[in-house]
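# Results of the structural survey
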Amino acid sequence: MAMDIRFEKVDFTYQPNSPFEQRVLFDIDLDIPSNSYSAIVGHTGSGKSTLLQHLNALLKPTSGKVYIGDRVITPETSNKNLKPIRKKVGIVFQFPESQLFDETVALDIAFGPKNFGVSEEESARLASEMLKLVGLDDSYLERSPFDLSGGQMRRVAIAGVLAMEPEVLILDEPTAGLDPKGRKDMMDMFYRLHKERGIGIILVTHLMDDVAEYADFMVVLEKGKIQKQGHPRDIFNDVKWLREKQLGVPTATEFAFDLMAKGMEFSRLPLTAEELSEELLPILEKRQVLSDDE
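Presented here is an overview of the structure given in this document. Residue numbers restart at each chain and count upward from 1, following the sequence in its written direction. pLDDT decides what is reported in this predicted model: residues at 70 or higher carry local features, side-chain atom pairs at 80 or more are listed and counted, and totals for whole chains, interfaces and linings draw on all residues regardless. Hydrogens are left out, water is left out, and the side-chain values use all remaining heavy atoms of the structure.

### Quick notes on the sheet that holds strand β2 (residues 22-32)
Strand pairing in a sheet is mediated by backbone hydrogen bonds. Such pairs are either parallel or antiparallel. The strand order across the open sheet built from four strands is β2-β1-β4-β5, with neighbouring strands paired in antiparallel fashion. Each of the sheet's edge strands pairs with one partner strand only, and the pair in question is β2 and β5 (71-73). Along the sheet, successive strands turn relative to each other by an average axial angle of 25°, direction set aside. Strands are labelled as partners when DSSP assigns at least two bridges between them. Only DSSP runs of H or I reaching four residues or more are called helices, and only runs of E reaching two or more are called strands; each is numbered from the N terminus. Under this scheme, a helix contributes an axis fitted over its contacting stretch, all axes are lines through C-alpha atoms, and angles between N-to-C directions fall in the 0 to 180 degree range.

What follows is the structure, encoded as structure tokens:
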């Protein structure tokens, strides 16, 4: 599944030509590689949510063009035939469990496909399959979503987005409000979907550890403008710049910088705990040998 999303000179203004006019995106040129795991980071007010809503044409640019697969969205695009885009690009908004409404989990998950004309039978099959994908078994199908725990409700809401069989999944702070274990389980689940199902992922987050752990492409937004884009490793290498922008770096990278300040040398900058331990082991082993020789 190849699904490129490209922005060409995109500006976006809320309520243009009114006293409440507010320009939020400025001259955005962006190419999100198909099948990538991309992360969009930036402070509150940087324009992340506005950018996110252009990814499946919930918003249309005030000027410029957004290419979503083989569709081109311009300010003049009619709102009529945008449904197919919403099927290909699924958005998991923050706290998606607040969007659950049906009396059983099965009906809630099947709602989207049925809305798109998928048969009753096929919708039921999709509900069961997607529920398993998010780590819940068939015993949940006939339960009310409102009898579930917060983490389970979120999984059901995500299964509903997956039931549309999107090619790209946009995740807006998907682990907000979850405990550390719930967070890790959720992030591992998305990574598995990306690897095993070939679903492109676009993650909007402020958690640099998640970017380091999972993403292969990263965009830094500030006040509606793209400041940097590229591989997370290249961007995290510029720690001075990240600190100036008060964006923070992954925990392992921060730790490595403290050690480098004390004279330790690394062959490459570690981004994750795993990379940090790979870098530290030979150094510690070498020190052990030296102390044994003394």
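### Quick look at the pairing of strand β3 (residues 37-41)
Most of β3 is tucked away, with five of its five residues classed as buried. Buried, partly exposed and exposed residues are distinguished by accessible area as a fraction of the type maximum, computed with a 1.4 Å probe on protein chains only: under 20%, between the cut-offs, and over 50%, respectively. Residues of β3 alternate between two faces, with Y37, A39 and V41 on one and S38 and I40 on the opposite face, all of them buried. The sheet contact formed by β3 and strand β8 (residues 200-205) spans five bridges and is parallel. Each bridged residue has a counterpart across the sheet, and for V41 the counterpart in β8 is T205.

### Observations concerning the sheet that holds strand β7 (residues 168-172)
Ordered in space as β6-β7-β8-β3-β9-β10, the six strands form an open sheet in which the pairing is mixed. Across the chains shown, the open sheet's two edge strands, defined by having one partner strand only, are β6 (89-92) and β10 (225-230). Adjacent strand axes in the sheet meet at a mean angle of 15° when their direction is disregarded. With five bridges connecting them, β7 and β8 associate as parallel partners. What sits directly across from L171, in β8, is L203.

### Some remarks on the pairing of β8
Across the six residues of β8, six count as buried, placing the element largely inside the fold. Neither face of β8 is exposed, since G200, I202 and V204 on one face and I201, L203 and T205 on the opposite face are all buried. Here the term right-handed applies to a crossover when the path leading from its first strand over the helix to its second strand runs clockwise, the strands being oriented away from the viewer. As for the winding sense of the linkage, the β-α-β connection from β7 through helix α6 (residues 180-197) to β8 is right-handed.

### Examining the nonpolar core
Judged by nonpolar contacts, the single largest core of 52 residues is most densely connected at I109, L131, L162, L169 and F190. Top contributing element to this core by residue count: helix α5 (residues 150-162), with seven residues. In this description, contact between two residues means that some pair of their heavy atoms is separated by no more than 4.5 Å. Not counting chain neighbours up to four residues away, the residues in contact with L131 comprise V105, I109, L136, D137, Y140, L141, V156 and A159. Residues L30, I73, V168 and I202 belong to the second largest nonpolar core, which totals 29 residues. Buried Ala, Val, Leu, Ile, Met, Phe, Trp, Tyr and Cys residues form a nonpolar core when they are joined through side-chain atoms within 4.5 Å.

### Things to note about helix α4 (residues 120-133)
The length a helix should cover is 1.5 Å for every residue beyond the first. Helix length check: α4 (14 residues) gives 20 Å between terminal C-alpha atoms against 20 Å at 1.5 Å per residue, within 8%. Every buried residue of α4 is listed here: S123, L126, A127, S128, M130, L131 and L133. If you follow the buried residues of α4, they end up packed against α3 (105-115), α5 and α6.

### Comments concerning the pattern of salt bridges
We define a salt bridge as a contact between a side-chain nitrogen of Lys or Arg and a carboxyl oxygen of Asp or Glu at a distance within 4 Å. Throughout the structure, instances matching the rule amount to 19 salt bridges. In this structure, the salt-bridge partner of K240 is E244, at a minimum N-O distance of 3.1 Å. One end of the pair, K240, and the other, E244, are both in helix α9 (residues 239-244), four residues apart, so they sit about a helical turn from each other. You'll find K240 and E244 in the same group, each marked exposed. In this structure, E278 and R268 form a salt bridge, with 4.0 Å as the shortest nitrogen-oxygen distance. Taken together, the positions of E278 in helix α11 (residues 273-293) and R268 in the loop between α10 (251-261) and α11 put the pair 10 residues apart, joining distant regions of the chain. Taking the relative accessible area as the measure of exposure, E278 reaches 46% and is therefore partly exposed.

### Side note on α3
Within α3 the residues assigned to the buried category are V105, A106, D108, I109, A110, G112 and P113. Trailing α3 by a residue or two, G117 shows a phi angle of about 85°, which is positive.

### Focus: the side chain of T175
Residue position: T175 is located in the loop between β7 and α6. When sequence neighbours within four positions are dropped, the list of residues in contact with T175 reads R154, R183, M186, M187, L207 and D210.

### As for the packing of α5 against α6
Viewed as axis vectors pointing N to C, α5 and α6 meet at an angle of 15°, and their least axial separation amounts to 12 Å. In terms of axis orientation, α5 runs roughly parallel to α6. As for the relative orientation of α5 and α6, their crossing is right-handed in sense. Contacts between α5 and α6 pair G151, R154, R155, I158 and L162 from the former with D185, M186, M189, F190 and L193 from the latter. Taken together, the residues of the contact of α5 with α6 break down into six nonpolar, one polar and three charged. We call two directions roughly parallel when the angle between them is under 35 degrees, roughly antiparallel when it is over 145, roughly perpendicular when it lies between 65 and 115, and oblique otherwise. If you view the pair so one helix is near and one far, a crossing is left-handed when the near helix is turned anticlockwise from the far one by less than a right angle, and right-handed when it is turned clockwise. Residues were grouped as follows: Ala, Val, Leu, Ile, Met, Phe, Trp, Tyr, Cys and Pro as nonpolar; Asp, Glu, Lys and Arg as charged; and all remaining residues, including Gly, as polar.

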